Amino acid sequence: FLVFGASFTTQGTYFFQSQVKWIVVGVAATAFMAAVPYEWWRKLAIPIMGGTIILLIAVLLFGERSPYGGVRTFTGASLQPSEVAKLGVAIYVSAWVAARGRRVADLKEGFLPFAIIIGLVAGLVILEQSVSMTLLVLSIGFAIYFVGGGAFKQFALLVMIAAPILLFAMWKFGYPFARFQGWYNVWFNPTEAPQELMEIHWLIQSGNGIGTDPGMWHLKSSVFGLWSDFIFANIGADFGIVGMLVVVALFAWFGYRAITISLNAPTRFGALLAVGLTAWILVQAAIHIGASLNIVPATGQPLPFVSYGGSSLVSCLAAAGLLLSISRSAREKKSANAYFAF
């Protein structure tokens, strides 16, 4: 419904019909992941990571180049290997940290191998020229590593290593810095701000409701990607501040329930995996909402479970199914003990 309201003026019902098809696929993925015992994925962690790396390399070699120069999808297909990478990283790093136990905090046996693992995947993703997706992959890995026993000074060192690399990539690619400058101008120099960002600003401020103002449809048609990259802004236009707060509250509730699943997981692997999946969904939602509100520069990240896009929708629903599998296992084993104290 939200995708339809955001895209009808320019795309008719095309995106709506396509999204319905992806919802069917996503629900099937949720059911499958919920039905499969989550411990199976631990046994397949190495093949999953190997397949993820192969896909990331393949898309760089054979993928379709976007107008900005990035290569994120295969020619003629909508699959984004970086979406698969988020799930692959969550499963593999969880299995790896769970197997290491207390050795995670050791420099040689914990920190250095982890830095190589997460650096390899993040490096391949950033070569696709997707800074925001790289941040998500790093967030998933860092969350699992830190909660799994990594020392804070090691976490700080990882951030110190990653930050300059990301800044250099932003400078090298060019368009991320252009987006940053556009975001800066919205707040401090509106006359020089990109028209699209100002229109998103006006769209949220109007908040006149669905169909109450013909001018609203004209404003929506001028915002490219309103159905995906800025759908939270469309929610603000259609439902006002109440609608936006409801969406934020729903994600907060999702995070609360997901952390509860983690705390009650019957195994260390399940607890860490739930943490990684929670970090994925919440960080991605925060990035999207921040970009839609012009709190952070535009990133191109879809809103989980809401924005148009098959790869993102299916991967997020698969993550939700995996959380359901961990939750069901906890109930079956009647485990009430937490492995971690937050």
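Just so we're clear, the structure is a prediction, and the values are computed from it rather than from any experiment.

Chemist: What am I meant to see in the pattern of salt bridges here?
Modeler: When their charged atoms lie close together, side chains carrying opposite charge are able to pair. For the coordinates displayed, the defined rule picks out three salt bridges. Between Lys 86 and Glu 83 there is a salt bridge, and its shortest N-O distance comes to 2.8 Å. In this pair, Lys 86 and Glu 83 are both assigned in helix 5 (residues 81-100), three residues apart and thus about one turn of the helix distant. On the accessibility criterion, Lys 86 (0% relative accessible area) is buried. For Glu 109, the salt bridge is made with Arg 103, and the minimal N-O distance between the two is 3.2 Å. Classification of Arg 103 as partly exposed rests on a relative accessible area of 40%.

Chemist: Looking at this model, I keep getting lost on the environment of Gly 50. Mind explaining?
Modeler: Note that Gly 50 resides in helix 4 (residues 45-62). Expressed as a C-alpha distance, the spacing of Gly 50 and Tyr 92, which sit 42 residues apart in the sequence, is 9.8 Å.

Chemist: Would you take a moment to explain helix 5 for this structure?
Modeler: Note: α-helices contain 3.6 residues per turn, so residues at a spacing of three or four share the same orientation. The terminal C-alpha atoms of helix 5, which comprises 20 residues, lie 28 Å apart, in line with the 28 Å expected from a rise of 1.5 Å per residue. With 17 of 20 residues buried, helix 5 is to be regarded as a mostly interior element.

Chemist: In this structure, what is going on with the nonpolar core? I would like to understand it.
Modeler: Generally speaking, soluble globular proteins have nonpolar side chains that are buried together. Leu 277, Leu 303 and Leu 322 are the most contacted members of the largest nonpolar core, which has 91 residues in total. Excluding its chain neighbours within four sequence positions, the residues that come into contact with Leu 303 are Ser 228, Ile 231, Phe 232, Ile 235, Val 247, Phe 251, Ala 285, His 288 and Ile 289.

Chemist: Explanation requested: the packing of aromatic side chains in the structure shown.
Modeler: How two aromatic rings sit relative to each other is given by the distance of their centres and the angle of their planes. Tallied over the full model, the rule gives 14 aromatic pairs. Seen in terms of ring centroids, Phe 114 and Phe 142 are 6.4 Å apart; in terms of plane orientation they differ by 50°. Their pairing is tilted. Of this pair, Phe 114 sits in helix 6 (residues 107-127) while Phe 142 sits in helix 7 (residues 131-147); the two residues are 28 residues apart in sequence, bridging distant segments of the chain. Classification of Phe 142 as buried rests on a relative accessible area of 10%. Here a set of aromatic residues connected by ring pairs shows up, and it is made of Tyr 14, Phe 15, Trp 227 and Tyr 308.

Quick notes on the rules
- Residues numbered from 1 in each chain as written.
- Predicted model: local features only at pLDDT ≥ 70, side-chain atom pairs only at ≥ 80, totals over all residues.
- Heavy atoms only, no water.
- Salt bridge = Lys/Arg side-chain N within 4 Å of Asp/Glu carboxyl O.
- Helix = DSSP H or I, 4+ residues; strand = E, 2+ residues; numbered from the N terminus.
- Buried < 20%, exposed > 50% of the residue type's maximum accessible area, 1.4 Å probe, protein only.
- Expected span 1.5 Å × (residues − 1).
- Core = buried A, V, L, I, M, F, W, Y, C linked by side-chain atoms within 4.5 Å.
- Contact = heavy atoms within 4.5 Å.
- Phe/Tyr/Trp six-rings, centres within 6.5 Å; stacked < 30°, edge-to-face > 60°.

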